[in-house]
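For reference, the chains in residue letters:
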Amino acid sequence: MENNESSYSEAEEQKSSLPFLEEEEKEDKAGQLSNVEECWEESKLEEELTGGGKMGNKDTSEQVGDTHSSSMKSLEHNLGDNNIQAMKHKDRICLLRLQRNLKELNDIARKKELEVQKHRDKRSTCQLRIKMLAKQLDYVGTEIEKEEEADNVAALSCLQAVRRRLCTELEQEKDLELKLALTIKDDTLEMWHIETEQGKYETLHEQLKKDEEELEMKYQEQAEVRIWEAKIAALQAEKNQQSRAKKEKEAQKEYEEKHKKVLEDAKKNHEKAVCFLRKSMARIREKNAKEEVKTQEHMERRIQAVLSLKTSLTSNREKLQALQAWSKAKALETEKQEMKMREDILAEGGNAAKEIFLHKQLLKHEKEKQAFRERQKSRKIEIVSQILQEKASIHKQRKSQSCTKAIKGGCKPENSFPWRMKTWQYIKKACKHSAGASAASSADERTASVGEVSAEIPHDALSESGEDEEERDKILVQPEFPGLWSQECDLHKIPQEEMDLKQLATGVVKKGISEKKMEEFPAGIFHKQIFSGREHKGCAFYSKPSCIHFKDFDVGQVYKKKIVLINTSYSVNCCRLVGISEWLKDFISVHFDPPGKMSPGMSCEVVVTFKPMINETLEGEVLFMAQTGSFAVPLKCTAKRCILALDKELLDFGSHVVGETISQTISLTNSGALGTRFRVRMSAGDSHRGRATAESAPGRMVTQHLSDSVPEKEVSNSPVNSVAEMKEQIGPDYSEEVTYCAVQVEPQRTETSLSRSSTGHLGQDILNSRSDLDTGTAHDLVAFSPEETPVEIMLGKVTEGEIEPFSSVKLQILFVPAVPGDVRAEFVIVFDNSDCKPLCFSAIGVSMDMPVWVLNPNIDFKICMYDRLYQDCIVIQSRAKAMLHLKFEVCKELSKHMELLPKTGYIQAQASFSVQLKFLPRHSLPQDAGSYFNEETRILEVPVTILIVNKAKKVNITVHAIVTTSDLEISPAQINFGYCTIYEAVQANVVLTNKSILPQEFGFVGLPEFVEIQPNDGFGILLPLESLTLDIIFKANKAKDYSFELTCKSEINRQFKLSCKAVGVHPPLELSHSLVQFAATALNGVSTETLYVMNPHVSVNHFTHTVPRIGNGEAAPVGPTSFEFCVPEDCPVTITPSVGTVLPGKKSFIQVSFRPTLSDQLIREEAVRRLCRAAAAGAEIQKKKKDEKRGGKKLSVFITRQQSSRQPVRDGGSKYPSSPCSSEQPKSEELRSDSKAYVAAQAFLMRTFSGRFEKYIIPCFVASGQINEKKGSENLSYSPYNTLYLELHCPAVAPSVVVTSNNGNNTVDFGDVAVGHRMMKRLTIQNISPKKLELGFSVLNPNGPFLLVRAVGMLEPGENKPLIISFCPNKNKWSFEMLDIWTAKTNLTLSITGRGVTPSIVCSVEEVLDMGYVIAKEKVTSTFKIQNTCMLTLRYSIQLDSLSPARDKDRQRLPSFITSSLQRTELVGTQNYNGLSVFSIFPTEGEIVAGKSQDFVVTFSPDHESLYYSDCLKVILFGKEVARVIHLKGAARDHPVFVEGGVPLDVPVESLAVTPPLSSQGAPKEELQEPVKFILLDLEYTNAESSPVPAVTELRMGAIQTSRVASKKHTEFAFHDLPLLHQKGFAVEPAQGTIESGQVKRIRVSWVPPADFCDDDPPLVTALLALKGDVKESYQILFMTKVVSAYAPTE
């Protein structure tokens, strides 16, 4: 094993020996102090080397030198002794350290050389950079001077900025150069220092080699002895095996006989058990069948419940989504309206903040009004519900008396009418009582509407309370973009405020009627209709048409309608007529003959007759009853009315010349059955202009009397706010004037639609509120202006008239432009019918004073190239009624580049004229155009003028163009292919750039035969400003100098040249195959191919054959030629031989081997992917757990939402936030090659490897001459241009056998195993090939710790079989071996590793644990800690010698006090009388994890007084090794005072007889006194010539802290006979005092010989020490002195 240990590499020795060397140092530090210091210094050096990787300064190198010098001295001392056999373990450790230090010095030297070389390279690049920056500074300086002369400020500022930047960079580079020079100087000094240190070790290194050889011989001899002993043991084991085989045969016979008996008994028992089993199985089957039926029924019920819950959840989710979409759309719409309003107000010059604030206040006021209405409505519903409850209670009382009378009384409308009147009176009072002063007008309107409804309840109660929900649903299903829906206002629609009370009344009455009808029918008359397991829900009959509608009726006429009822139920059904709505009985009669029972799909007819008595709209129902329930058919009667509308609300006349007259019409349509009279009016204030010359803002046009009545406040620009303010300021008397002033104050029309929509809605609201306005009032409301302006937009002939039913009238509007600018006019149409609301429309137009105009005033030529002609046509239109003379001009700057043809022309009246525009940009355009051309953006903007002769008017046209170049740039402009052999092709890259911003086609034409251009053979298209890299491939056909040009043509036939140069080379050697294709090779396998290097050069005659040469140079000499293959480091290819010489006409055999492996980067990427997948799977599992926990909460939330679905949704749908991935993706560079993820990824890729194909190009250098083994290739003439290249095609395939266990890891790592213990590991291998495999195994080291316990012979396809390997270390070191598994095609290599670990611990107590003094029969505890300092979990047990089984045997020996003190080994002292151990420890056994610690509690509990309690505590690891021995000591006293010190006068072992002291028997408690005890103090005085130093010793007195109540708090002490002591030269400090409980005092005793001292007769002085506490104690102190000379030797 030691031989095996010495065969490892130095790096492995460093790893394995470092932690255990520190352990050996700790064990030997008591006697080897100098070696400890040396080891400490070396360990410190190792930390600096491994942590930093390099020495940073001179101090580090000096420390290295000091360390090695000290280690050299110690090693020379150790190696001086030639007795190698007696070499200690510590000496071997020093040898290993020396080897490691030598290697570290070599590594540091190499690293320093690399660092110096890097710094030098950096300094050279820095110097080049400084030179380049200096040149750039000179160039920038010249450019600055040029620009200063040209006075170009912009370019000058840019160049100055560049110069400043270059100056800063130059300073930085110079600083960097200085720093690099200093570092290079420091590194070279350190290298010199390291070289000197290496020189010191040369002699020592040779001595080490000799010692290692001798050690190896010794190890071989030991190995032979062990082999002989193993053979003897094998023979003995063979004999034992034969004897065991005989015994096994006899046992097998006995087992077979017993087995036969057992089988016979089993058959009999089986027959009996089968009968009972059949009966029990039958009972179990019946029971299971019943349980299955029950479970199926239960599951069906649960499925139905879940499905219903799912449908409810989806419906609730859809409603929530609709509400969210509605709220979002509403919020977006409000934001858009606010932004548009802000833009309009800012465009008009108003105060946007004020107007928006006022608008928000108005909206807030409207919301408050709406909330007030809702509160009143809810109050009304409560009142009605209370009344209905009262009515229901009365009805029940009447029904109990007489059921038939109650039914008849309930059907009569006369009985229900008083109740309705009472209800509406109650509502009216409640409304009056709750209305406030702020909403007086709205309360009046509601009261009036209540009065109307109370008068017309039989006719207007037409809708159900459920229509509110339908209306809300309609709002919810509106689209997210309101622009897709029609927003036209229905003028004849009844306002919502007027319909609220009618709907409320109708819903209340209908609810009462339905309840009353249901109560009238006897119980049990309705029944559910179930067919095929499905229950019919909904109405059983379908009405066609669905609604009975009598339109446009006349009073006094009779109308009839026929409807058809169809049975839509699942089975036979019948129906009968119940009646109609009570308020329709005076006008409607129904004729219905019940047809009896009707099959599904059958129908019957019902005739409804309507006799109108009043001219009002009626609504109601026709009620029927079927077997499944009642149903109703709605009925509606609408009177004649006017439905008026305009086909457009805005007339746009467009642009016209001043003096013309234009006419347009607008249609007024009546789609109703009632005609009316209309009048069209226009106010003078409505016609205003938006010209730049206008001085007054259009929003401030108000009447004079209005401004006079409100002098203090200004009128706002916003029509909404202005109307609200005017209503508050003026009062009710001026409300009519304010209504129409709002229309006059409308601002100028803009492109945004917010102002038009807001003013339109405002006008509609105001006109609706004032429907009774007559034409006289409208005529008076005209805004006065200080100056009269001509009316340009006016009405035609028709201004009033009669409009018939279902007809239309066309109104003519005239536009006569007079002044240039925008014109707008507002018109109002009023009607005699009070139910028809006024209609408004507007007319706009633009007046133009220019008779000529151009269809396209901006001509865009898009992108143009230089020297290309571009044309366009300008079409001129004339509005004039006479011929005009035109002249066309171009600015002088662009007269060379642009031209108009013709120069002049005549345009006929109201005709067009075409002008040809020609544009030919020259390269001088940037200089000629001046400010019209932007050189950065290349944009050209040129004005073109059209002059009208004889008129001072002109029309401007702008010509736009982006001018670009058509150049193609080839970079570089010249290519030098260099030297190219005739056996290869050379590729060069050029970049072809399109400088134009237009795409261009290109192509290389006229290529020579030895040149090829790719891609697409040199043809293609370049996008704007695109750069394309082209490959120029050159293949020489002979040895000569090449010089040629390549031509590139563009699509406009422009040519661009590319110059090329090359030198053709004919090498003197050639390869038999320049391409080698390997067969498919398995991973970690080997494939071999052969080729030849040939030398065909045998003659210099160039006439007979081609001669090897470089270009046009001299021919190569004829003779031996050498070659060398250079294989890259990361290439899995080996070439043998890689160097050789070939004679003329001969060839050399070359063997190429391919060993495929997996790339490190691929393994790291796969490891990262596996880690990410594992992290994602963990996150998904956590997410699922969270979702499961939230499942119950979500279910409860959905149920509560379903219950509160009618409540408004305030918040949008909230989603649970998705937890981010806590684990970030690890970087592949951070993975270690020995990590589990890396190894698992490697095994996975090995198993799933599908194959790969790689190409390698290996250079072969050629030189003339023959290689000399001694001199090498130094004397050969070598040219790099004669280099040959070998191309290798390397396919790799998957192996046949892989490891399936341990994530496919081929490494069997046993980890840390305690020395002497054995560990087994199982490894599973699998045949992944489709064939049967026969396996073979290599032989492991017989003396090593590894053993192949179980091998595998054959493997079927896909079969898995285990291998068992054991590891039993016998030393503290790493072990590593390789096990090869051979197959027919491929091999599998297993790496087996493990480390033997010697357990090591660190204890907080060194050798003795003193528990101190304790009162007898009391306890005291102490704690110490043991830390596990090794990398292995330790199993420990604690043993006390007093509890050892061999304790009785040890007591048979002589007492320890009889023998001498040097021979005493007994550590167990006085023990308790009660038989219990005086010391106890907890815990006594357990485990300590690596790097952790364990606390142990020691308890000292003596039962009698003694000063010699002791025991031995042993810490045993793994039940074998004693790791620590601790001596436990303690003392016990019966009283709390103790005195110690001096020389012991008694033996440590007490007598076995227990005799209590006689003095304590019979004495009173107050007079307890202990017998006198003796203490000997030995004082030794040193006699010196200098000042005398007294001899000093001390006594320790203490009071034990106890829990006894009767003990005193302090103890007094005092020395007697002090004068005698002073006379003899003794001094005691202090001589008396007190000791508190738990306190220890030291008494100093010193002695100086008196004048009469005699050396021959040293005095023996005694003194009495009295202690007074709980008891009185006396100590006789014996003082023994001795005088010695300062120069005398001491024993």
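Residues numbered from 1 in each chain as written. Predicted model: local features only at pLDDT ≥ 70, side-chain atom pairs only at ≥ 80, totals over all residues. Heavy atoms only, no water.

**Student:** Can you help me understand the overall build of the protein chain in this one?
**Tutor:** A tally of regular secondary structure across the protein chain gives 24 helices and 79 strands. Out of the 1691 residues belonging to the protein chain, those deemed buried represent 36%. If you take every contact in the protein chain between residues at least 6 apart in sequence, the share linking residues at least 24 apart comes to 73%. Here the protein chain displays about 102,000 Å² of accessible surface, and carbon together with sulfur accounts for 52% of that area. (Helix = DSSP H or I, 4+ residues; strand = E, 2+ residues; numbered from the N terminus. Buried < 20%, exposed > 50% of the residue type's maximum accessible area, 1.4 Å probe, protein only. Contact = heavy atoms within 4.5 Å. Areas by Shrake-Rupley, 256 points an atom, 1.4 Å probe, with all protein chains shown as cover.)

**Student:** Quick question: what am I supposed to make of a nonpolar patch on the surface here?
**Tutor:** Taken together, the side chains of L277, M281 and I284 present a nonpolar region at the surface, about 250 Å² in accessible area. Relative to the elements of secondary structure, L277 occurs in helix α7 (residues 202-348). (Patch = residues over 30% accessible without salt bridge, like charges linked within 9 Å, V, L, I, M, F, W, Y side chains within 5 Å. Salt bridge = Lys/Arg side-chain N within 4 Å of Asp/Glu carboxyl O.)

**Student:** How should I be thinking about the sheet that holds strand β6 (residues 575-580) in this particular structure?
**Tutor:** One key point about sheets: their strands pair by backbone hydrogen bonds, in either a parallel or an antiparallel sense. Overall, mixed pairing links the four strands, which are arranged β4-β10-β9-β6 in an open sheet. What marks the edges here is a single partner per strand, and that holds for β4 (548-553) and β6. Put simply, the sheet's adjacent strands are angled 20° from each other on average, direction ignored. Alignment of β6 against strand β9 (residues 618-626), held across five bridges, turns out to be antiparallel. Following the sheet pairing, I580 is matched in β9 by V622. (Pairing = 2+ DSSP bridges. Axes fitted to C-alpha atoms, helices over the stretch in contact; angles between N-to-C directions.)

**Student:** Is there a simple way to think about the pattern of salt bridges in this case?
**Tutor:** Pairs can form between side chains of opposite charge whenever their charged atoms are close. Under the counting rule described, the total for this entry stands at 33 salt bridges. The residue E1359 makes a salt bridge to K1361 at a minimum N-O spacing of 3.7 Å. The class of E1359 is partly exposed, set by a relative accessible area of 23%. Note that D1441 and K1514 form a salt bridge whose closest N and O atoms lie 3.7 Å from each other. Of the two residues, D1441 sits in the loop between β65 (1434-1440) and α23 (1447-1451) while K1514 sits in strand β69 (residues 1506-1517), which places them 73 residues apart along the sequence. Residue K1514 is classed as partly exposed on the basis of its relative accessible area of 27%. Residues participating in the shared-partner salt-bridge network are K112, E115, D187 and E190.

**Student:** Can you walk me through the packing of aromatic side chains in this structure?
**Tutor:** Each pair of aromatic rings is reported with the distance of its centres and the angle of its planes. Tallying each qualifying case throughout the model produces 30 aromatic pairs. Consider the rings of F977 and F1034, whose centres lie 5.3 Å apart with planes at 25°: the pair is stacked. Of this pair, F977 sits in strand β32 (residues 974-981) while F1034 sits in strand β37 (residues 1027-1034), placing them 57 residues apart in sequence. By the burial criterion, F977 is buried, and F1034 matches it. For the ring pair Y1413 and F1538, a centre distance of 3.8 Å and an interplane angle of 10° mean the geometry is stacked. Placement of the pair is Y1413 in strand β63 (residues 1408-1415) and F1538 in strand β71 (residues 1537-1540), with a sequence separation of 125 residues. Overall, the relative accessible area of 6% leaves F1538 in the buried class. (Phe/Tyr/Trp six-rings, centres within 6.5 Å; stacked < 30°, edge-to-face > 60°.)

**Student:** Can you walk me through a negative patch on the surface in this structure?
**Tutor:** On the surface, a cluster of negative charge is made up of E212, E213, E214 and E216. Locating E216 in the fold gives a position in helix α7. (Lys, Arg positive; Asp, Glu negative; His and termini not counted. Charge placed at Lys NZ, Arg CZ, Asp CG, Glu CD.)

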